[in-house]
Amino acid sequence: MMNIRRRIAMVVLAFLAFAIAVIVVAPMVGSTSISLSKAFGRSVDWNENVDAQIFFVARLPRVLSGALVGAALAAAGVVLQALLRNPLATPFTLGVSAGAALGAMVAIAIGLDVGWFGVSSVPIASFAGSLVAIGIVYALATSQRRGLSTNVLLLAGVTLNSFFSALILFVQYVSDFTQSVRAVRWLMGDLDVGGYSSIVAALPMLLAAFGVFAFLPRTLNLLTLGEDVAAARGVDVMSAQRWAFFSASLATGAAVSLGGPIGFIGIVVPHLVRLMIGSDHRIVLPAAALFGAAFTVLCDLTARTIMAPLELPVGIITALIGGPFFLWLLVKRS
Amino acid sequence: MAARQTIVTRLTAVAFCVAACTVFVSHAQTNPQRIVSLVPALTEMLFAIGAGPQVVGVSSYDRYPPSVTSLPRVGALLDPDTERILSLTPDLVLTYGSQVDLQTQMRRASIPTFDYRHGGLDHILVTIRQLGQRTGHINEANALVSGIETRIQAVKARVVGKQRPRTLLVFSREPKTLRNIYVSGGSGFLRDMLVAAGGEDVFEDIGRESVQATTETILIRAPEVILEIRSENIPAGAELDSELQSWSRLSTVPAVKNKRVYFVTGQQMTVPGPRVADGVERMAKVLHP
């Protein structure tokens, strides 16, 4: 027992150290080199201090939003894979991200130009869209019998995904050319949030989801063995599933509204972590969240430097780096 | 046997194409009387050179001149309605260069097309002349072109020798934020207009029409003027103030520091047509007041 606890602590600490190192180093690196002493120094006025503005306005919000989005998507991936007992599940499987995307598309297409406290209508509409999708999927999954049917959940989610995707295409088709371009760009993911207000807006939802995640690992371990086994071990299966579903969906909705539907993190990171450290959710869940954060920040760092001053959409990088890396690890292990 | 049939079919198709091309050439000799335009910029040109009465259909995005609003709409760049176009029995269809399928369909129906792609400022003038020739309004087209040239020359003469402010030319941005900022690179008609108006594009070294600029690159390139182009108007007051306010976060940028962030709005700024001289004059007024 002591051994396992120690192992958990060691592994999580190692991942934490890695994530912190990446998050600290990433804002120092960019297409141009900046002087840290000037950026942090008080000798130069803020309105004259280019280095400080590059650090605090351009880079730090990007790194922070990348870390949050990556952690949320990776952790949501772990939770949903356990909940659905399906290794192919991703945060985007249950239609939440498609709902979020539809919300964003509608906001872009009708040119909804409202914004509150520096958060534009697009993230707000996309979060609203994800809530609608969560509501529909949950209502469908619980309509059949008492409790939550994970089969119905999965099928309803997949169907809703296709349905929303069709609506997204429809909205894009009827909107004009510049709006379509903007919409397509949104779907590739973008972490250049240009300030802290959108991060602050997404933070309460993310923290609530992470708070629930903290209580989930033991239950997830039992759920992966099957609902009956879990029930026999004293798990209130229905309530556990409900918590897992809502927290993972909330994390996904908030992450997508902040950075767009950045693909691949939610499926690759959980599996990468499992290949590295086994499948105990007490380790996998925190490790995946930390590794997801570091991975996304590194991908975004690549996205903003590799073709500088041009910028690549981060969603392309996550798939281009994550895919081959994952396959390599898979082949090496077997 | 089947193969031979295919060959025969292909040969017949080739023969049809040749015939179509012949028709195309012979049509081109006479002045078209029923023109369908799928490109708003070209529609504006047609009306400006007096070929307006020959236009029988326009794209769904055409707004100018106001008389186009009563004309039948035939779709646009991505969704041209071939059936409607054919039902208008056009004798010339103006298409965008990438509408290859539509061009093929028109060729099959023996309807000549005029295929256009956006280019620089010079390309606008060349296109006006070409349309003049094609529609039998050579003199009007020449007069229009020299009118535009004179006005642009006048602007150039006014700004010559003045310091050319390094300008960030923004044509798209997520409202109220600094996300998804798309700016002009070193090519395209907007960049040409900026140069004619006495400015210098801060992304001149990137040979593209459109560049996604991150806040970091904007901070580094430190433009002296930020010029936002919008096709729709922004009412002055709170709306405009809050849009300008978005930039205040980049307060080291000279344009922001010296309050030289401007909105230049209106369709004449975004349509590479005969109103381009208006656009150059308005840009120059902002850059060199």
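Since this is a predicted model, take the numbers as computed values, not measurements. (Residues numbered from 1 in each chain as written. Chains lettered and ligands numbered in written order. Predicted model: local features only at pLDDT ≥ 70, side-chain atom pairs only at ≥ 80, totals over all residues.)

A.B. asks: Explain the overall build of chain B residue by residue, including any values.
C.D. replies: Helix and strand content of chain B: 12 helices and 10 strands. A buried classification covers 44% of the 289 residues belonging to chain B. Residue pairs in contact within chain B that sit at least 24 positions apart in sequence constitute 60% of those at least 6 positions apart. (Helix = DSSP H or I, 4+ residues; strand = E, 2+ residues; numbered from the N terminus. Buried ≥ 20, exposed ≤ 12 C-beta atoms within 10 Å, placed from the backbone. Contact = placed C-beta atoms within 7 Å.)

A.B. asks: Any details on unusual backbone geometry? Residues and values, ideally.
C.D. replies: Residue and element names in this part refer to chain B. For the bond from Y64 to P65, the omega torsion is -10°, close enough to zero to count as cis. Within the element layout of this structure, P65 appears in the loop between β2 (55–58) and α3 (82–87). A positive phi angle, close to 40°, is found at T89, a residue other than glycine. Considering the arrangement of structural elements, one finds T89 in the loop between α3 and β3 (92–96).

A.B. asks: So what's going on with the domain arrangement of chain B? Which residues, and what values?
C.D. replies: All names here are of chain B. Assigned domains within chain B: domain 1 (2–117) and domain 2 (162–287). Counting residues at the interface gives 7 residues for domain 1, matched by 6 residues for domain 2. Of the residues in the side of domain 1 that touches domain 2, the class split is 5 nonpolar, no polar and 2 charged. (Domains from an automatic or database assignment. Nonpolar A, V, L, I, M, F, W, Y, C, P; charged D, E, K, R; others polar.)

A.B. asks: I'd like a description of the sheet that holds β2(B), backed by residues and values.
C.D. replies: Residues and elements named next belong to chain B. What the 4 strands build is an open sheet, ordered β2-β1-β3-β4; its pairing is parallel. Each having just a single partner strand, β2 and β4 (113–116) make up the two edges of the open sheet. Neighbour to neighbour, the strand axes of the sheet diverge by 20° on average, direction disregarded. As paired strands, β3 and β4 are joined by 4 bridges and run parallel to one another. The partner of V93 across the bridge, within β4, is T113. (Pairing = 2+ DSSP bridges. Axes fitted to C-alpha atoms, helices over the stretch in contact; angles between N-to-C directions.)

A.B. asks: Outline the interface of chain A and chain B, listing residues and values.
C.D. replies: Counting residues at the interface gives 31 residues for chain A, matched by 24 residues for chain B. Listed by contribution, the elements that provide at least two residues to the side of chain A that touches chain B are α3 (50–83) and α7 (177–187) of chain A. With 6 residues, α3(A) is the single largest residue contributor to the side of chain A that touches chain B.

A.B. asks: Residue-level account of the packing of α3(A) against helix α11 (residues 237–259) of chain A, with values.
C.D. replies: Residues and elements named next belong to chain A. Where α3 contacts α11, the axes come no closer than 9 Å and their chain directions differ by 150°. Regarding the angle of α3 to α11, the classification is roughly antiparallel. Crossing of α3 over α11 shows left-handed handedness. For the pair α3 and α11, contact is made by S65, L68, V69, A72, L73, A75, A76, V79, L80 and L83 and by Q241, A244, F245, S247, A248, A251, T252, A254, A255, L258 and G259, respectively. Here the contact of α3 with α11 is composed, by residue class, of 16 nonpolar, 5 polar and no charged. (Parallel < 35°, antiparallel > 145°, perpendicular 65-115°, else oblique. Left-handed = near helix turned anticlockwise from the far one by under 90°.)

A.B. asks: Describe helix α12 (residues 276–287) of chain B, naming the residues involved and giving the relevant values.
C.D. replies: Taking 1.5 Å as the rise per residue, α12(B) with 12 residues should run 16 Å; its terminal C-alpha atoms sit 16 Å apart, in good agreement. Of the residues making up α12(B), those classed as buried are V276(B), A277(B), G279(B), V280(B), R282(B), M283(B), A284(B) and L287(B). (Expected span 1.5 Å × (residues − 1).)

A.B. asks: Quick one: what's the story with the nonpolar core, residue by residue and with numbers?
C.D. replies: All names here are of chain A. Ranked by internal contacts, the top residues of the largest apolar core, which has 103 residues, are A72, A75, V79, A288 and F291. It is α3 that contributes the most residues to this core, 16 residues altogether. Residues within four places of F291 in sequence aside, it is in contact with F15, A74, V269, L272 and V273. (Core = buried A, V, L, I, M, F, W, Y, C linked by C-beta atoms within 7 Å.)

A.B. asks: An account of the pairing of strand β8 (residues 210–213) of chain B is requested, with residue identities and associated values reported.
C.D. replies: Residue and element names in this part refer to chain B. Side chains V211 and A213 project from β8 onto a buried face, and the interleaved S210 and Q212 project onto a face without burial. Sheet topology places strand β6 (residues 181–184) next to β8; 4 bridges connect them, and they run antiparallel. Bridge assignment links I181 to a residue of β8, and that residue is A213.

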